[in-house]
Amino acid sequence: MASRHSNPLLHLNDQDGSYPPSWYAATATGIPKTQSLQGDHRCDVAVIGGGVSGLAAAKAFDEKGHRVVGFERSHDFGGVWELSRSYPDVQTQSPKDLYCYTDHPMPDEYPEWPKGPQVHAYLHSYAEKHNIARLFRLNTSVKTMERRKDDAAGWTLTIEDGGQEWTEDFDFVSVCTGQFSDKNIITHPGQDAFVERGGSVMHSSEYTDPSICKGKDVVVLGGSKSATDIAVNAASNGARSVRLVYLENVWRVPYFVGGINFKRLLYMRAQEQQFNQWGKNLLQRVIAAVLKPLVWANFRGLEALLKVQLKMKKHNMVPTTPIEKEVSCSVPIVTPGLIDCLNSGTIKPVLGTFDSYTDEGLKLTTGVTVPCDVAVLAVGWKLGVPYLPQQYQEKLIEDDGQYRVYRLSVNPDLPDMGFVGFNSSFCTVLSAEIIANWLVRYADGQLANQPTAVDMNKNIDMMLNWKRNERPAAKIYGGLCSAPFHFKHFDEVLADIGAKKKKRSNPLAEQFSYPNAAAYGTFLASAPQYKAG
């Protein structure tokens, strides 16, 4: 194993941690151990991932004066928006003013829902604005992380670049690989023979060349937005037939609901309060019980509107679950052109999943075999932190897959580390920036409400009980989703930080308008400021 070290004195004889025989080695007191992160001194911080969350974390820790080293395994910033990982015509689910950092709005010339290359360019402009690129090593992966063996706080990371591996010590690690890092790869019987006959099977992130669909029978597995995006793209690029195969009907939200931008309907504090939130006190529960009939009528009206606008009955796509029980990060936005394709028959929806590849085509669990030349698996990504030792994974993830994280960021049994990007939402960029600012203060012991391990475990247990028994939809993605409770999540985080201002001065705007990124920038700035070192 090759090694690279910041202090070569320790490694002149290739024995880690030992000096070669000398008078100096016999009399020296050694290099001082690194201090723990908490306090007013600068420390070494690793940021794993160079996407939306990694950029936010690197900026937050760097601004506080810490020495930041970022690791991005690909050749470029952007995470899921890195161009080689983006399928054609991909665009944001959220409007551009809900998908931006607090001090860096998206360009005026961008459309309401920017395309993938525009988001990628935006992230690069943010990195350039704050000189973040200097902090990152591209094409560099973190293979493992272990607790340091020198009795100091922090972690030892095994790093890989260009076939060489070495270790580096850090006082704190910010994991920013989010929920879309490693592909979920699945196979079905007969797949190898299907490929040998000239068929193509690919993950949705590998669908980068629409020309492969021309004149071909395409089958897309999945019901997410990426699945419908690819189905529409294939139909628009000359596919002979396109089938969308998915397990169950789900509620979908169009960019405009009844002609109104959905951000003005679903991204409001007033709307959020109609869902069954966590931590309600007795008075809040009484009010919710009194208003329950009105809330029920509101959601039934929304369902009726969606059924008509999206022609859900015509295409046998009406869900069985009430919409208020299903809304979470997994609710897909309707791909532009999808309804037209369904109406014209160029996309055929099928309830079911893949059974096997046969000589005649692709057999589905419905018992029907459909023609297939190209199979696109829009089956998402695997959650996890594979480089974290098993003993810590067991502390982080419960048997039912739910994550034990306080404020969707830290676990009291995983010292000197935290997560940015686990708080997935409908305004992911803002969520990442806010939690990054929380995490650096947590690491430095500078939160106004600095939690103890007892505090965190009590809150984690309460949240897990709420997800399992009161709002099962919140269990999606391992429970790592703050939607549709953006405001409540932000309120808690800002209170922890000690922000003097947490809401807009206009009560109507605060209650009936969507989150304003610039306003949250002023809220963060109202918190006590400090500098390490």
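Conventions we followed
- Residues numbered from 1 in each chain as written.
- Predicted model: local features only at pLDDT ≥ 70, side-chain atom pairs only at ≥ 80, totals over all residues.
- Heavy atoms only, no water.
- Pairing = 2+ DSSP bridges.
- Helix = DSSP H or I, 4+ residues; strand = E, 2+ residues; numbered from the N terminus.
- Contact = heavy atoms within 4.5 Å.
- Axes fitted to C-alpha atoms, helices over the stretch in contact; angles between N-to-C directions.
- Expected span 1.5 Å × (residues − 1).
- Buried < 20%, exposed > 50% of the residue type's maximum accessible area, 1.4 Å probe, protein only.
- pLDDT = per-residue confidence, 0-100.
- Right-handed = clockwise from strand over helix to strand, strands pointing away.
- Parallel < 35°, antiparallel > 145°, perpendicular 65-115°, else oblique.
- Nonpolar A, V, L, I, M, F, W, Y, C, P; charged D, E, K, R; others polar.
- Disulfide = S-S within 2.5 Å.

### Considering the sheet that holds strand β1 (residues 44-48)
Ordered by their spatial adjacency, 5 strands build an open sheet running β3-β2-β1-β7-β20, and the pairing between neighbours is parallel. Each edge of the open sheet is held by one strand with a lone partner, namely β3 (136-137) and β20 (417-419). Both β1 and strand β2 (residues 67-71) contribute to a ladder of 5 bridges, which runs parallel. Directly across from isoleucine 48, in β2, lies its bridge partner phenylalanine 71. The strands touched by helix α2 (residues 52-63) are β1, β2, β3 and β7 (172-175); relative to β1, the strand with the most contacts, the crossing angle is about 170°.

### Concerning α2
Side chains of residues three or four places apart in an α-helix project in the same direction, reflecting 3.6 residues per turn. With 12 residues, α2 extends 17 Å between its outermost C-alpha atoms, agreeing within 8% with the 16 Å of an ideal straight helix rising 1.5 Å per residue. For α2, the tally of buried residues reaches 10 of 12 residues, placing the bulk of the element in the interior. For α2, every residue scored as buried is listed here: Val52, Ser53, Gly54, Leu55, Ala56, Ala57, Ala58, Lys59, Ala60 and Phe61. Contacts made by the buried residues of α2 are with β1, β2, α3 (116-129), β3, β7 and α12 (428-444). Of the residues trailing α2, glycine 65 is marked for its positive phi of about 100°.

### Details of the confidence of the model for the protein chain
Regions with low pLDDT should not have their predicted coordinates read in detail. Taken as a whole, the protein chain shows an average pLDDT of 91; of its residues, 92% reach a score of 70 or greater. Here residues 1-36 is modelled with pLDDT under 50, and outside its nearest four sequence neighbours on either side it reaches 43 contacts, counting other chains as well.

### What about the pairing of β2?
In terms of residue burial, β2 counts as a mostly covered element, since 4 of its 5 residues are buried. Each parallel crossover has a hand, and for β1 linked through α2 to β2 it is right-handed. Of the pairings in the sheet, the one linking β2 to β3 comprises 2 bridges and is parallel in character. In the strand pairing of β3, glycine 70 is matched with phenylalanine 136.

### Focus: the packing of α2 against α3
It is the contact of α2 with α3, at a shortest axis distance of 11 Å, that shows an interaxial angle of 10°. Classified by the angle between their axes, α2 and α3 sit roughly parallel to one another. Judged by residue contacts, Val52, Leu55 and Lys59 of α2 engage Leu123, Tyr126 and Ala127 from α3. Residue composition of the contact of α2 with α3, by class: 5 nonpolar, no polar and 1 charged.

### Some details on the state of the cysteines
Inspection of every chain in the model, using the stated rule, returns 1 disulfide. Sulfur-sulfur distance for the disulfide between cysteine 329 and cysteine 481 comes to 2.0 Å. Between cysteine 329 and cysteine 481 the disulfide shows an S-S torsion of about 95°. By sign, it is right-handed. With cysteine 329 in the loop between α9 (323-326) and α10 (338-344) and cysteine 481 in the loop between α13 (453-470) and α14 (486-497), this residue pair connects regions lying 152 residues apart in the sequence. Looking at cysteine 481, the relative accessible area reads 9%, which means it is buried. Its sulfur unpaired, cysteine 176 is 17 Å from the next cysteine sulfur, which belongs to cysteine 43. We note that cysteine 427 lacks a disulfide partner, and the nearest cysteine sulfur, in cysteine 329, lies 9.5 Å from it.

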